[in-house]
Amino acid sequence: MEINNLEQFADQFSTLLKGKPEWPDLLKNGREMLSQLVSNPNWFKPVLSKLALDDAFLKSQWHSIDPNDLQIYRSPEKLFTVRAFIWEPNVFYPIHDHGAWGIVGAHINQIRERKFARVDDGSDSNFAEVVQTADATLSPGETTYVLALNEGIHQMQAVNNNTSVTIHVYGSPVRKGFINYFNPHNNTARRMYPPSVEKKVLAIRTLGSIPESWAEDVLNSVVNSSESEFIRNEGRYSLIKLKG
Ligand SMILES: [Fe+2]
């Protein structure tokens, strides 16, 4: 059945996932569905209109890690989300990984995607060496995909001085809470969190740079708390730094 809007896409993609397809079939069928969705120029227009004109809609937006990431659909069974990413010209968007697989379609204007492979052993949480493996420009209707964690590192960039929109479908995450930004110039990885926990993480990292016993006590409390694993891990990294 033809897909002309987000509701039709969500229905058909949900049916696809509930059939528990193997990854090659999920990818092939999912890309075909997403290609149909992003080839239709009409369904996304009301989202832009409401963002520009409706402040209640604006305030209801999900607080994402990346400020240019709009969540436009979440499956009730938490099987997948659909996001729209807005890419401005002349803005540097970092190389990053993902907590889940994702299928990506160009919707408004062209988008350049560069893919990267991680070539270090991953043993240092702040060190990462990435090398470029692909460089392609997608036109509206064309799709690409990423895998979770180190198998899906990429970077997106607007082209031709136009603001671009891409539509992304993400599966349920195998790693929750953060994504990595990679800097190939100094071989660093930085864990990026949503605004709801970013200040907590910044405080934990600061404590890791204060070699005093009270800071160590606070970090031990973080590590032994009932916080999410990614927060307790930040506490562990800071304790290692403190004792290093
Ligand atoms: Fe991405």
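Residues numbered from 1 in each chain as written. Predicted model: local features only at pLDDT ≥ 70, side-chain atom pairs only at ≥ 80, totals over all residues.

## Concerning the overall build of the protein
And step 1. If you tally the helices and strands in the protein, you get seven helices and eleven strands.
And step 2. The C-alpha atoms of the protein give a radius of gyration of 20 Å, which matches the 18 Å a tight globule of 244 residues would have.
And step 3. Overall, the protein is about 65 × 40 × 40 Å in size when its C-alpha atoms are taken along their principal axes.
And step 4. Taking all 244 residues of the protein together, the buried fraction comes to 25%. (Helix = DSSP H or I, 4+ residues; strand = E, 2+ residues; numbered from the N terminus. Rg over C-alpha atoms; globule rule 2.2 N^0.38 Å. Buried ≥ 20, exposed ≤ 12 C-beta atoms within 10 Å, placed from the backbone.)

## Focus: the packing of helix H1 (residues 6-18) against helix H2 (residues 23-39)
And step 1. Packing of H1 against H2 leaves a shortest axis separation of 10 Å and a crossing angle of 175 degrees. Looking at the two axes, H1 sits roughly antiparallel to H2. In this structure, H1 contributes Phe-9, Gln-12, Phe-13 and Leu-16 to the contact, and H2 contributes Leu-26, Asn-29, Gly-30, Met-33 and Leu-37.
And step 2. For the contact of H1 with H2, the residue count by class is six nonpolar, three polar and no charged. (Axes fitted to C-alpha atoms, helices over the stretch in contact; angles between N-to-C directions. Parallel < 35°, antiparallel > 145°, perpendicular 65-115°, else oblique. Contact = placed C-beta atoms within 7 Å. Nonpolar A, V, L, I, M, F, W, Y, C, P; charged D, E, K, R; others polar.)

## Some details on the environment of Gln-157
And step 1. Among the secondary structure elements, Gln-157 is positioned in strand S8 (residues 153-158).
And step 2. Beyond its immediate chain neighbours, meaning those up to four positions away, Gln-157 contacts Trp-87, Tyr-93 and Arg-112.

## Focus on the domain arrangement of the protein
And step 1. Splitting the protein by domain gives domain 1 (6-186) and domain 2 (195-243).
And step 2. Centre-to-centre separation of domain 1 and domain 2, based on C-alpha positions: 30 Å.
And step 3. Contacts between the two partners involve five residues from domain 1 and, on the opposite side, five residues from domain 2.
And step 4. For the side of domain 1 that touches domain 2, a count of residues per class yields one nonpolar, three polar and one charged. (Domains from an automatic or database assignment.)

## Re the sheet that holds strand S2 (residues 80-87)
And step 1. If you walk across this open sheet you meet the five strands as S1-S2-S9-S4-S7, and the pairing is antiparallel. Whereas interior strands pair on both sides, the edge strands pair on one side only; in this sheet they are strand S1 (69-74) and strand S7 (143-146). In this sheet, adjacent strand axes meet at a mean angle of 25 degrees when their direction is disregarded.
And step 2. With four bridges connecting them, strand S4 (residues 102-108) and S7 associate as antiparallel partners. Opposite Val-104, over in S7, you have Thr-144 as the bridge partner.
And step 3. Most of the contacts of H2 go to S4, to which it runs at about 20 degrees, and overall it touches S4, S7 and strand S9 (164-171). (Pairing = 2+ DSSP bridges.)

## Looking at the pairing of S4
And step 1. Of all seven residues that make up S4, seven are buried, and the element is covered over most of its length.
And step 2. Relative to S9, S4 runs antiparallel, the two sharing six bridges. The residue bridging Val-104 from the neighbouring strand is His-168, located in S9.

## Re unusual backbone geometry
And step 1. Phi at Asn-90 is positive, roughly 65 degrees, even though this residue is not glycine.
And step 2. When you line up the elements, Asn-90 lands in the loop between S2 and strand S3 (95-96).
And step 3. A count of 7 C-beta atoms within 10 Å places Asn-90 in the exposed class.
And step 4. Although it is not a glycine, Asn-160 adopts a positive phi angle of roughly 60 degrees.
And step 5. On the secondary structure map, Asn-160 appears in the loop between S8 and S9.

## A closer look at the nonpolar core
And step 1. In this structure, Leu-34 and Leu-37 are the most contacted members of the largest nonpolar core, which totals 26 residues.
And step 2. Among the secondary structure elements, those contributing two or more residues to this core are H1, H2, S2, S4, S8 and S9.
And step 3. Ignoring sequence-local partners within four residues, the contact set of Leu-37 consists of Ile-3, Phe-9, Gly-105 and Ile-167. (Core = buried A, V, L, I, M, F, W, Y, C linked by C-beta atoms within 7 Å.)

## Structural notes on the environment of Ser-172
And step 1. Of note, Ser-172 is situated in the loop between S9 and strand S10 (179-183).
And step 2. The class of Ser-172 is partly exposed, set by 15 C-beta atoms lying within 10 Å.
And step 3. Placed 79 residues apart in sequence, Ser-172 and Tyr-93 show a C-alpha to C-alpha distance of 24 Å.
And step 4. Contact partners of Ser-172, with chain neighbours within four places excluded, come to Lys-78, Leu-79 and Ala-100.

## Comments concerning the environment of Ile-210
And step 1. Residue position: Ile-210 is located in the loop between helix H5 (195-207) and helix H6 (213-223).
And step 2. With 32 residues separating them along the chain, Ile-210 and Leu-242 place their C-alpha atoms 7.2 Å apart.

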